[in-house]
Every structure is written in structure tokens, then in C-alpha cells.
Amino acid sequence: MPNTSVRAAAEGMPAITRRSVLGAIAAISTTAAGTGSASAHVPVGNMNADAELLALEAEVYRICDLFDAASDKREELYQQVESKSGPKPEGAPFPPDVKADFLDFLDQAGKAKSREELDHLLANPLHLRMREHEAQNARIAADWEARRDEIRRQCGWPHVEAEAERLMNATGDIAESMLDIRALTPAGMMAKLRVHERWDFNQWEILNSITADIEQMAAAEPQGACFSGSHV
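Described in the following lines is the structure provided in the data block. (Residues numbered from 1 in each chain as written. Predicted model: local features only at pLDDT ≥ 70, side-chain atom pairs only at ≥ 80, totals over all residues. Heavy atoms only, no water.)

Looking only at helices and strands, the protein chain has 8 helices and 0 strands in total. When the helices and strands of the protein chain are listed from N to C terminus, the series reads α-α-α-α-α-α-α-α. Residue pairs at least 24 apart in sequence account for 80% of intrachain contacts in the protein chain once pairs closer than 6 positions are excluded. For the protein chain, the exposed area adds up to about 14,200 Å²; of that, 55% sits on carbon and sulfur atoms. (Helix = DSSP H or I, 4+ residues; strand = E, 2+ residues; numbered from the N terminus. Contact = heavy atoms within 4.5 Å. Areas by Shrake-Rupley, 256 points an atom, 1.4 Å probe, with all protein chains shown as cover.)

Shown next, in the form of C-alpha cells:
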């Protein structure tokens, strides 16, 4: 999900930064190492405690690599389509005499004071000629679009586009699921932050997830041990 800029001050909360989050994680690790204590449930140094998060992180990277490859292929095919289809035709320009008369027609239409006057102007052969000219240019554009769609189909663009979309959605599903899993160690929180570098979470989503992780770890430590002498 694209990162959405949110002004923290508007909610009366401190702005979240990577530095502040890393500082909180470091505080937990230092406290645990210095006291020889850790979570009442899982030792901080036990990487297997967050095996699920680390496995999901690896899967995000794997799918991101596939998405990058699909995106490169999509760009390659885009260049092929552009080369074979050429620029979109602008259509035939209005004949100078018709254009001049039509400008006068528009001026008269703007001054029409009744529906009857406007209907009379719209029945003018000049207006009908302009409408036909517009329809002709629309047909030219439609023919170009049809040729372009056929070139895209022959190049395999629809398949590559669908695959890139599927991979992007799969990445998002896995990345977003990580936010709902409580990290039991700093390693788990770091996994979320590393994924955040590849998949931009909403600022509040990653903040809330990391905050919940820190609160859970803090609750498992002796009162005040985790954040003694440190502030996020």
C-alpha cells in the first residue's frame, strides 16, 4: 500500500521516525542483555521466536523480486508497443474557413436567448459539418486504439500486466499480514521495518504495529526495566 503522508501533530501524537523506532528496539535489546533477563515467554536472543515473521519477510522479498522482473518485462513490452503502434494520430485539422465560421457560430450560440434560437443554430449545416469532422477524427483515434490493442495482445502484454498485478497484490497481502503478528523479539520488529523499505505501509499502520510489539515486550519485563533512561 502506498505510504500516506499524515501530519502527526494533527492528532497530538509524536512523529514516528525510523530512528525513534530503532532507538526503542535498541533499548529493549540493551536492557535484556544487561540484566540477563528477557521476555517471560521467549528469550530476546532466540531468533526462532519470530520464525513466522522472518519467513514472511523472506517471502515478501521473493515475490518482490518476481514483481521487479515482471515490471522490467512490462517496460520492455511497452517500448515494443510504442515502437510498433507509433504516436496517437491527432486527427485532421479543421479547414481554416470552417474553423473561422465555427468560432462565429459559437459566439452566436453563446448569445442565444431561447431554446428555439439555439435549436435553429444547431440545425445550421456548418454545425452538422463540424460534428461529422469530429466523428471522423474519433474513428481515426478508435482505429489506432484497436491496432494498438492488437499489438499489445500479440506481444503478450495482457499476460505480463496481469502477472505483475497479481504479484503486487500478493506482496501486499503478505506484508500487511505481518502487521497483525506480534513480534516477540527485536529481530521480529526489524523484519517489519525491513519489509517497510520494500513495501510502504501507511505511517500509522507500521507505528501501531511496532508500538504494540514494544508494549508487549515491555509488559513482560520488570516494571520500567525496558525504558529506564530512554525515550522514544
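Moving on from the coordinates now.
Counting residues in hydrophobic clusters, the biggest one holds 24 residues, and the most contacted among them are V60, M178, V195 and F201. Listing elements by their share of this core, those giving two or more residues are α2 (51–85), α6 (157–179), α7 (186–198) and α8 (203–220). If you look at the next biggest cluster of nonpolar residues, it comprises 6 residues, including I151, C155, W157 and V160. (Core = buried A, V, L, I, M, F, W, Y, C linked by side-chain atoms within 4.5 Å. Buried < 20%, exposed > 50% of the residue type's maximum accessible area, 1.4 Å probe, protein only.)

Our next topic: the packing of aromatic side chains. Here a ring pair, both rings aromatic, is described through the centre-centre distance and the interplanar angle of the planes. In total, this model carries 1 aromatic pair according to the counting rule given. Both rings, one in Y78 and one in W157, keep their centres 6.3 Å apart while their planes meet at 50°; by these two values the pair is tilted. In this pair, Y78 is assigned in helix α2 and W157 in helix α6, connecting sequence segments 79 residues apart. The class of Y78 is partly exposed, set by a relative accessible area of 33%. (Phe/Tyr/Trp six-rings, centres within 6.5 Å; stacked < 30°, edge-to-face > 60°.)

In total, this model carries 13 salt bridges according to the counting rule given. The shortest N-O distance in the salt bridge between E150 and R153 comes to 2.5 Å. Highlighted residues: E150 and R153, both in helix α5 (residues 125–155), separated by 3 residues, approximately one helical turn. Residues joined in a network through salt bridges with shared partners are D65, D68 and R198. (Salt bridge = Lys/Arg side-chain N within 4 Å of Asp/Glu carboxyl O.)

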